[in-house]
Amino acid sequence: DLGSGVGKIVLHAVLAGYADHAVGVELNDGRHRIAQATLEEIAASQDGRRLEDAVEFVNSDMLDVDLSDAQVIYLNQACFPEHVRAGVARKILDAPNVRVVAAAPSIPQLEASGLFVADPGFLVLDMEIYTYGTPLKIYRRVSSPATANDRARTA
């Protein structure tokens, strides 16, 4: 989760069994500290599985993190400035293992690259603090960066 806030989506992904490992990246120190404290509180109350081994919160700029191991990326970039959105798009395009991106709003550079295709329509997530859902555009990788570069050279 790029821009993970207080970590709810990251924690939910692991606790609900959608992911074996999840990483949240948050620039704001206060939100990061809340996410870390929530992780520690939930982990202390759990038996068995080591939640702290499955969830990682990183207090950093999303443009500075290594995405080389990322497979699925979620981000709600509605309030990001345009230069940050463009930087995030470039990082995702350079991350060879990303298979799926769920984003709000859309990231047209992903589809324009030829590396990703967008699912038709939007996935609408209900959010507890809003009376409306968040429409996510889902992108799926269809080729590797090397394949796209090969196609560009032969075109």
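Heads up: the structure comes first, above all this text.
Residues numbered from 1 in each chain as written. Predicted model: local features only at pLDDT ≥ 70, side-chain atom pairs only at ≥ 80, totals over all residues. Heavy atoms only, no water.

### As for the overall build of the protein
- Along the backbone of the protein there are 6 helices and 7 strands.
- Its helices and strands in sequence order give the protein the pattern α-β-α-α-β-β-α-β-α-β-β-β-α, from N to C terminus.
- Every one of the 155 residues in the protein was classed for burial, and the buried ones make up 37%.
- Restricting the contact set of the protein to residue pairs at least 6 apart, pairs at least 24 apart contribute 63%. (Helix = DSSP H or I, 4+ residues; strand = E, 2+ residues; numbered from the N terminus. Buried < 20%, exposed > 50% of the residue type's maximum accessible area, 1.4 Å probe, protein only. Contact = heavy atoms within 4.5 Å.)

### With respect to the pattern of salt bridges
- Summed over the entire model, instances satisfying the criterion amount to 4 salt bridges.
- For Arg31, the salt bridge is made with Glu26, and the minimal N-O distance between the two is 3.3 Å.
- Classification of Arg31 by relative accessible area gives partly exposed; the value is 39%.
- Between Glu52 and Arg50 there is a salt bridge, with the nearest N and O atoms lying 3.6 Å from each other.
- Linked through salt bridges whose partners overlap, the residues forming this network are Arg50, Glu52 and Asp53. (Salt bridge = Lys/Arg side-chain N within 4 Å of Asp/Glu carboxyl O.)

### A short note on helix H4 (residues 82–94)
- Along its 13 residues, H4 runs 18 Å from first to last C-alpha, staying within 8% of the 18 Å computed at 1.5 Å per residue.
- Among the residues of H4, Val84, Ala86, Gly87, Val88, Ala89, Ile92 and Leu93 are the ones counted as buried. (Expected span 1.5 Å × (residues − 1).)

### Some details on the environment of Ile9
- Along the chain, Ile9 falls in helix H1 (residues 8–15).
- C-alpha separation for the pair Ile9 and Ala22, spaced 13 residues apart in sequence, amounts to 9.3 Å.

### A short note on unusual backbone geometry
- Note the cis peptide between Ala104 and Pro105, where omega equals -10°.
- Examined against the element boundaries, Pro105 turns out to sit in the loop between strand E4 (100–104) and helix H5 (108–112).

### Some remarks on helix H2 (residues 29–45)
- Between its first and last C-alpha atoms H2 spans 25 Å; for 17 residues at 1.5 Å apiece the expected length is 24 Å, and the two agree.
- Each element contacted by the buried residues of H2 is listed here: H1, strand E1 (22–26), helix H3 (51–54) and strand E2 (55–59).
- Of the residues that open H2, the one with a side-chain oxygen 3.0 Å from the backbone nitrogen of Gly30 is Asn28. (Polar contact = N/O pair within 3.5 Å; in protein donor to acceptor, adjacent residues only side chain to side chain.)

### Details of the nonpolar core
- Ranked by internal contacts, the top residues of the largest apolar core, which has 24 residues, are Leu2, Ile73, Leu75, Ile92, Val101, Ile107 and Phe116.
- Listing elements by their share of this core, those giving two or more residues are strand E3 (72–76), H4, E4 and strand E5 (116–118).
- In terms of residues, this core owes the most to one element, H4, which gives 5 residues.
- With residues up to four places along the chain from it excluded, the contact list for Ile73 reads Leu2, Leu67, Ile92, Val98, Val100, Val101 and Ala102.
- Judged by nonpolar contacts, the second largest core, of 11 residues, contains Leu11, Ala35, Val55 and Phe57. (Core = buried A, V, L, I, M, F, W, Y, C linked by side-chain atoms within 4.5 Å.)

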